[in-house]
Structure formats: structure tokens, C-alpha cells
Amino acid sequence: MDRIEIKHLEVFGNHGVFPEETRLGQKFLINACLYTNTREAGLTDDLTRSIHYGEICHEITRFLRENTYRLIESAVEHLAEHLLLHTPRLNAIELEILKPWAPIGLPLESVSVKIKRGWHQAYLALGSNLGDKQAYLEGAVEKLAKTSGIRVKQVSGFIETEPYGGVEQDTFLNGCMEVETILSPQELLKEMNRIEAEAGRERKLHWGPRTLDLDMIFYDNLVTEEPKLLLPHPDMQNRDFVLKPLMELCPYKRHPVTGKTILEMQRDVTKEDSKK
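As a starting point, this report considers the structure included with it. (Residues numbered from 1 in each chain as written. Predicted model: local features only at pLDDT ≥ 70, side-chain atom pairs only at ≥ 80, totals over all residues. Heavy atoms only, no water.)

### What to know about the pattern of salt bridges
Part 1: Evaluation of the coordinates by the stated rule reveals 20 salt bridges.
Part 2: Measuring nitrogen to oxygen at the nearest pair gives 2.6 Å for the salt bridge that ties Arg62 to Glu59. Remark: Glu59 and Arg62 occur in helix 3 (residues 53-66); sequence separation between them is three residues, near one turn of the helix.
Part 3: For Arg62, a relative accessible area of 29% translates into the label partly exposed.
Part 4: The structure contains a network of salt bridges with shared partners spanning Glu40, Asp46, Arg49 and Arg89. (Salt bridge = Lys/Arg side-chain N within 4 Å of Asp/Glu carboxyl O. Helix = DSSP H or I, 4+ residues; strand = E, 2+ residues; numbered from the N terminus. Buried < 20%, exposed > 50% of the residue type's maximum accessible area, 1.4 Å probe, protein only.)

Take a look at the structure:
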């Protein structure tokens, strides 16, 4: 990905642990690497098709002057989030804040915190088999769209499916959605659980009835085996009610472990069902 680099932008701000730092202020140096696609701007010589680095410099300066943080870790984190949320065409940012006047009582050139943050692609599955099923699914899409750090890109149609897992219950309404997010997988899962709870989700019976069920299927091509977050979803390849909606959104997306596309996994499930 192409990069626009800003080096050693000087900003006077009131950040620091000690009272005199927040009262008197001090100099900070900012390095920013903006990840974007510059080809269209390069071919057309049109600034509106790129990121205006001058405007970014002024926005960095304004943000750090108008906000106060005890830790430069907080300053750099909030600044990166702000720029990602409010800068069109910005896919990712590598951001460093240097503190050349760090009051530690020893000679040093500077201390700094550098982070890289960006937008990630995630696919989520939605399901409901209690109450107004469609309202629960549409409400979940709306709440996710209103959550800071999440942009809804696509939503599949909703399909009625038979219960999965052997528990006798009403039919489900299922769908999938594609989102872009600057949240980590754990942060995204936390927001999903919040939305489930707001819909009255109760976890009394495994594979039992629920007002709203939100599952993370993919997060980029991440593979993780955390106790509360397995990615990709460990049973997605067996779930027709997940694969069918995903077929609408990303039929050629490949599973990062098996290498199979959604289309191929859907065909496998159809073959197995035909044998029963």
C-alpha cells in the first residue's frame, strides 16, 4: 500500500503525568505514515483523490492542543482513532509521538510511543428465533452501524432455517453482514455481546432459542484459538445458514486454514445434506 509520510511535526501540548506538564505544556514531535492508495491522484494530478497532508498536519496540531492526556500512550491512541474515523481514503496509520523534554532527570534525546492502527474487514452472522425475528436482526445491524469504529459495508438477505444442534425449537431467521472496523477482535466481540444483551439474549441452553445471536465468522484472515474467541468460526463450514448468506457477500473468500472458498464449502454442505 502507498504511503504519505509526515516527519517531526512540532506541536506544543499539555500532556503528561506531572501537574507542571499539563499546566505549562511542552513540545512534542509527531511522525505519521498514512497508508492509502495514491495511484488515482498520481494519474490525474487531483489532490481530492488523495489525502491532503497539510490538512492532516493542522488536524494533528488542533487535536493535541485541544485535548489533554496524562500518558502519551493515550494521546497517540486517541489521535490515531480520530484520524482514521475522520479522514477519507485513510486505510491505516503508523503514528509516533516523541517527547523530547521528558522530565526524568537524566539526559536523553527523546522518549516515544509508536503504534499502527487501521481498518479491518470482518464478517458477522446474525440469527434470531424468538419474538419479532426480523426486527431483532435489523436492530442489530442498525446498532452496529451506530457503534464508533464500525462501518457496515454489506448485509445479506435474511433466510428462514431449521434449528441447528438438535434442540427442539422454532425456526430461525439468519443472515450475514460485512463490516469494516478499527476495533480489535476482542473489542468487536464485546460490542456484539453488548448488542445481544440489549436484545434480551439469555444464555441458558447451548444451541437453544435466542432473541439475537451474533457470531464473528472472519476477522481479516486472522486465526486465533482464544478461549472466548475462535477465528475463523470453528463450525462455519458445517452451517448452511451461515454459508448461504455469505454466498451473497463473498462467495470467493477463502478460509485461511483450509483454503476453501465459501462457494466450495457451500457445495460440500449441499453434498452432505443430499446423502442424508
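### Details of unusual backbone geometry
Part 1: Pro232 follows Leu231 through a cis peptide bond whose omega is -10°.
Part 2: Backbone geometry at Asp220 places phi at a positive 50°, although glycine is not the residue there.
Part 3: Assignment of secondary structure puts Asp220 in the loop between strand 9 (213-219) and strand 10 (224-226).
Part 4: Judged by relative accessible area, which is 27%, Asp220 ranks as partly exposed.

### Concerning the side chain of Thr261
Part 1: Along the chain, the position of Thr261 falls in the loop between helix 7 (240-249) and helix 8 (262-275).
Part 2: For Thr261, a relative accessible area of 5% corresponds to the buried category.
Part 3: Beyond its immediate stretch of four places on either side in the chain, Thr261 contacts Pro251, Tyr252, Lys253 and Arg254. (Contact = heavy atoms within 4.5 Å.)

### Remarks on the environment of Leu188
Part 1: Structurally, Leu188 is set in helix 6 (residues 185-198).
Part 2: The spatial distance from the C-alpha of Leu188 to the C-alpha of Thr147 is 9.8 Å, given a sequence separation of 41 residues.
Part 3: Excluding its chain neighbours within four sequence positions, the residues that come into contact with Leu188 are Ala122, Leu124, Ile150, Thr181, Leu183, Met216 and Tyr219.

### Let's talk about the nonpolar core
Nonpolar side chains tend toward joint burial in soluble globular proteins.
Part 1: Ile30, Leu34, Ile60, Leu64, Leu95 and Ile97 are the most contacted members of the largest nonpolar core, which totals 30 residues.
Part 2: Of all elements in the fold, only strand 1 (2-13), strand 2 (26-36), helix 3, helix 4 (72-86), strand 3 (92-99) and strand 4 (111-118) reach the threshold of two or more residues within this core.
Part 3: Top contributing element to this core by residue count: helix 4, with seven residues.
Part 4: Leave out the neighbours within four places in its chain, and Ile60 touches Leu9, Ile30, Ala32, Leu79 and Leu83.
Part 5: Counting 23 residues, the second-largest nonpolar core is a separate cluster that includes Val141, Leu144, Leu173 and Ile195. (Core = buried A, V, L, I, M, F, W, Y, C linked by side-chain atoms within 4.5 Å.)

### Details of the pairing of strand 8 (residues 172-181)
Moving residue by residue along a regular strand, the side chains alternate between the two faces of the sheet.
Part 1: Judged by how many residues are buried, strand 8 sits mostly within the fold: nine of 10 residues are covered.
Part 2: Sheet topology note: the strand 5 (residues 120-128)/strand 8 ladder contains nine bridges and is antiparallel. Counterpart to Ala125 in the pairing with strand 8 is Cys176.
Part 3: The sheet contact formed by strand 6 (residues 150-155) and strand 8 spans five bridges and is antiparallel. Note that in strand 8 the partner of Gln154 across the bridge is Glu178.
Part 4: Pairing analysis gives three bridges linking strand 7 (residues 159-161) to strand 8, with the strands arranged antiparallel. (Pairing = 2+ DSSP bridges.)

### What to know about the sheet that holds strand 1
Part 1: Reading across the sheet, the four strands line up as 1-2-3-4 and stay open at both edges, with antiparallel pairing between neighbours. Across the chains shown, the open sheet's two edge strands, defined by having one partner strand only, are strand 1 and strand 4. Pairs of neighbouring strands in the sheet enclose a mean axial angle of 15°, with direction left out of account.
Part 2: With 10 bridges joining them, strand 1 and strand 2 adopt antiparallel strand pairing. Directly across from Leu9, in strand 2, lies its bridge partner Ile30. (Axes fitted to C-alpha atoms, helices over the stretch in contact; angles between N-to-C directions.)

### Quick look at a nonpolar patch on the surface
Part 1: A grouping of Ile104, Leu106, Leu108 and Val111 is seen on the molecular surface, where their side chains present a nonpolar patch of about 340 Å² in accessible area.
Part 2: Take Leu106: it is sitting in the loop between strand 3 and strand 4.
Part 3: Residue Leu106 is classed as exposed on the basis of its relative accessible area, which comes to 58%. (Patch = residues over 30% accessible without salt bridge, like charges linked within 9 Å, V, L, I, M, F, W, Y side chains within 5 Å. Areas by Shrake-Rupley, 256 points an atom, 1.4 Å probe, with all protein chains shown as cover.)

### Details of the environment of Ser74
Part 1: Examined against the element boundaries, Ser74 turns out to sit in helix 4.
Part 2: The partly exposed category is assigned to Ser74, whose relative accessible area is 26%.
Part 3: Separated by 47 residues in the primary sequence, Ser74 and Lys27 place their C-alpha atoms 17 Å from one another.

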